[in-house]
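Remarks on the overall topology
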Amino acid sequence: MILSLEMKKLKRTGIFPAFLIGALLAGAFPIVNMLARAETFTSLPGEPLTILAEANWQMMSMINLLVLLCGACMMYHTEFADNGFQKMEMLPLSSAGLFFGKLVILLLLLALMLLTETASLAFCAGRWFPGSVFSLREYALSAGFWFIAALPTVILTLLIASAFPNMWISLGIGVILLFTVSVFPQDNPVLILFPFSTPYQILALARENGTAASLLTACAAEVLALSGAELLYQKIRRCFA
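The following refers to the structure shown. (Residues numbered from 1 in each chain as written. Predicted model: local features only at pLDDT ≥ 70, side-chain atom pairs only at ≥ 80, totals over all residues. Heavy atoms only, no water.)

1. Looking at the pattern of salt bridges
The cut-off we apply is this: The salt bridge criterion pairs a side-chain nitrogen of Lys or Arg with a carboxyl oxygen of Asp or Glu, the two atoms within 4 Å. Type-normalised accessible area, obtained with a 1.4 Å probe on protein chains alone, sets the label of each residue: buried when under 20%, exposed when over 50%, and partly exposed for intermediate values. Note on conventions: DSSP H or I runs of at least 4 residues are helices, E runs of at least 2 residues are strands, and numbering of each starts at the N terminus.
According to the stated counting rule, one finds two salt bridges in the structure shown. Arg 137 is the salt-bridge partner of Glu 138, the closest N and O atoms lying 3.6 Å from each other. Given the relative accessible area of 26%, Glu 138 is considered partly exposed. With a shortest N-O distance of 3.0 Å, Glu 138 and Arg 207 are connected by a salt bridge. With Glu 138 in helix H6 (residues 136-163) and Arg 207 in helix H8 (residues 203-209), this residue pair connects regions lying 69 residues apart in the sequence. Sharing partners across several salt bridges, the network here consists of Arg 137, Glu 138 and Arg 207.

What follows is the structure, encoded as C-alpha cells:
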C-alpha cells in the first residue's frame, strides 16, 4: 500500500525521467571517454573492468549521488508542501513506514542506474578490449558492491531530507557533504568508510588493498545505525510536533 501511494505521489514530480536521464548520462560518460582516448586505456595492463572503472567511476558515481540527492529532497518536498506531512499523520500510516517506502523506491531507481552503467562498462570492454574474457560474474559482483556501498549514503540523504521542510536546506547540506567528502584521500582506510565516500570505491581495488570485507561490514553497520537514527528521530518529532 505504501509503495503504491508513494508511486502515485511521485508520478508528476519528474523524478523518474530525471533518474533515467541521469543513468543515461552516467552510462554515456565511459563511452565518450573511450571514443576520445581509447589508446590511453587499451595500452594499460589489467582487466578491462578495472581499467574502465578507475578511469570513469568517480564521475559516474558523482552523477549517481547528485541524482539521488535531488530525488530524496524532492520526495520530502512533496510531503512538506501545503502541510501535506501533517495531513499524512492523520492517516493510519506511520512516518517510519513512509520513510522506508521512499527508501525502497530510491533503491530500486539506484539499481536501475547501476544496471545501465554496468551495461555501459561491459559494452566498452567488449568494443575496445576485444581480446579480453567477459565475466558476467565479475560485472554482477561489481554492481552489487556499488549498490551496497551506496546504501548508507542513500539512507543519510533521505534522513537529512526528512528533517528539513525547506528543500533547499537539505539539498545544500547534501551538496556540501558530497563535495567535501569527495576530496578525501581514497587510500585512507578510515575516511573511505564515511557515507558519501563509500560509493566511490571500486571492488577490484578494494580486493587488492584488502579492504573489501571491512568496507562492506562498515556499510552494513552504517545502514543499521542510520535506520535506527531515523526511527528515533521520527519518534522524537512526533512528541514535539
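Once you've had a look at it, read on.
2. What to know about the environment of Leu 216
Heads up, the condition is: Contacts are assigned to residue pairs that have any heavy atoms within 4.5 Å of one another.
By the element assignment, Leu 216 lies in helix H9 (residues 212-240). Taking the C-alpha atoms as reference, Leu 216 lies 15 Å from Leu 226; in sequence the two are ten residues apart. Other than its neighbours up to four places away in sequence, Leu 216 contacts Phe 145 and Ile 148.

3. Some remarks on the packing of helix H2 (residues 15-42) against helix H3 (residues 48-80)
The following threshold applies: Every axis in this analysis is a line fitted to C-alpha atoms, fitted for helices over the stretch in contact. Angles between the N-to-C directions lie between 0 and 180 degrees. Working definition: roughly parallel below 35 degrees, roughly antiparallel above 145 degrees, roughly perpendicular at 65 to 115 degrees, and oblique for all remaining angles. Two helices crossing with the near one rotated counterclockwise from the far one by less than a right angle form a left-handed crossing, whereas a clockwise rotation gives a right-handed crossing. Basically, the charged four are Asp, Glu, Lys and Arg, the nonpolar ten are Ala, Val, Leu, Ile, Met, Phe, Trp, Tyr, Cys and Pro, and anything else, Gly included, counts as polar.
Running from amino to carboxyl end, H2 crosses H3 at an angle of 165°, the nearest separation of the two axes being 10 Å. The angle between H2 and H3 falls in the class roughly antiparallel. Handedness of the H2/H3 crossing: right-handed. Of the residues in the contact of H2 with H3, the class split is 19 nonpolar, five polar and no charged.

4. Section: the packing of aromatic side chains
Selection rule: Only the six-membered ring of Trp is used, alongside the rings of Phe and Tyr, when aromatic pairs are assigned; centres must lie within 6.5 Å, and planes under 30 degrees apart are stacked while those over 60 apart are edge-to-face, with the rest tilted. As a reminder, the over-ring test applies to NZ of lysine and CZ of arginine, requiring each to be within 6 Å of the ring centre and within 35 degrees of the ring normal.
Using the criterion set out here, one finds four aromatic pairs in the structure. Taken together, a centroid distance of 5.2 Å and an interplanar angle of 90° make the contact between Phe 99 and Phe 100 edge-to-face. For the pair Phe 134 and Tyr 139, a centre-to-centre distance of 5.1 Å together with 25° between the ring planes defines the contact as stacked. Its end group placed over the ring of Tyr 76, Lys 102 keeps NZ or CZ at 5.1 Å from the ring centre.

5. Considerations on the nonpolar core
Defined as follows: The set of buried Ala, Val, Leu, Ile, Met, Phe, Trp, Tyr and Cys residues whose side-chain atoms join them within 4.5 Å is what this entry labels a nonpolar core.
Phe 19, Met 34, Leu 106 and Leu 158 are the most contacted members of the largest nonpolar core, which has 62 residues in total. Taken together, the elements giving at least two residues each to this core come down to H2, H3, helix H5 (95-128), H6, helix H7 (167-181), H8 and H9. Sorting elements by how many residues they give to this core places H3 first, with 15 residues. The contact partners of Phe 19, leaving out residues within four places of it in the chain, are Val 67, Leu 68, Gly 71, Leu 106, Leu 109 and Met 113.

6. Some words on the side chain of Lys 102
Relative to the helices and strands, Lys 102 is located in helix H5. Owing to a relative accessible area of 1%, Lys 102 belongs among the buried residues under this scheme. Excluding anything up to four places from it in sequence, Lys 102 contacts Glu 6, Lys 9, Met 75, Tyr 76, Glu 79 and Leu 158.

7. Examining the packing of H3 against H7
Remark: H3 packs on H7, axes separated minimally by 9 Å, with the N-to-C direction vectors making an angle of 160°. Between H3 and H7, the angle falls in the class roughly antiparallel. By crossing handedness, the relation of H3 to H7 is classed as right-handed. Contacts between H3 and H7 involve Met 62, Leu 65, Leu 66, Leu 69, Cys 70, Cys 73, Met 74 and His 77 from the first element and Met 167, Ser 170, Leu 171, Gly 174, Val 175, Leu 178 and Phe 179 from the second. Considered class by class, the residues forming the contact of H3 with H7 number twelve nonpolar, three polar and no charged.

8. So, a nonpolar patch on the surface
Counted only if it meets this: Only residues above 30% relative accessible area that lack a salt bridge enter a patch, with like-charged residues linked at up to 9 Å and the nonpolar side chains Val, Leu, Ile, Met, Phe, Trp and Tyr linked at up to 5 Å. Per-residue and other accessible areas follow the Shrake-Rupley method at a 1.4 Å probe size, with only the shown protein chains counted as cover for residues.
Taken together, the side chains of Leu 3, Val 104 and Leu 108 define a hydrophobic patch exposed on the protein surface, amounting to about 260 Å² of accessible area. By the element assignment, Leu 108 lies in helix H5. According to the relative accessible area criterion, Leu 108 is exposed, its value standing at 57%.

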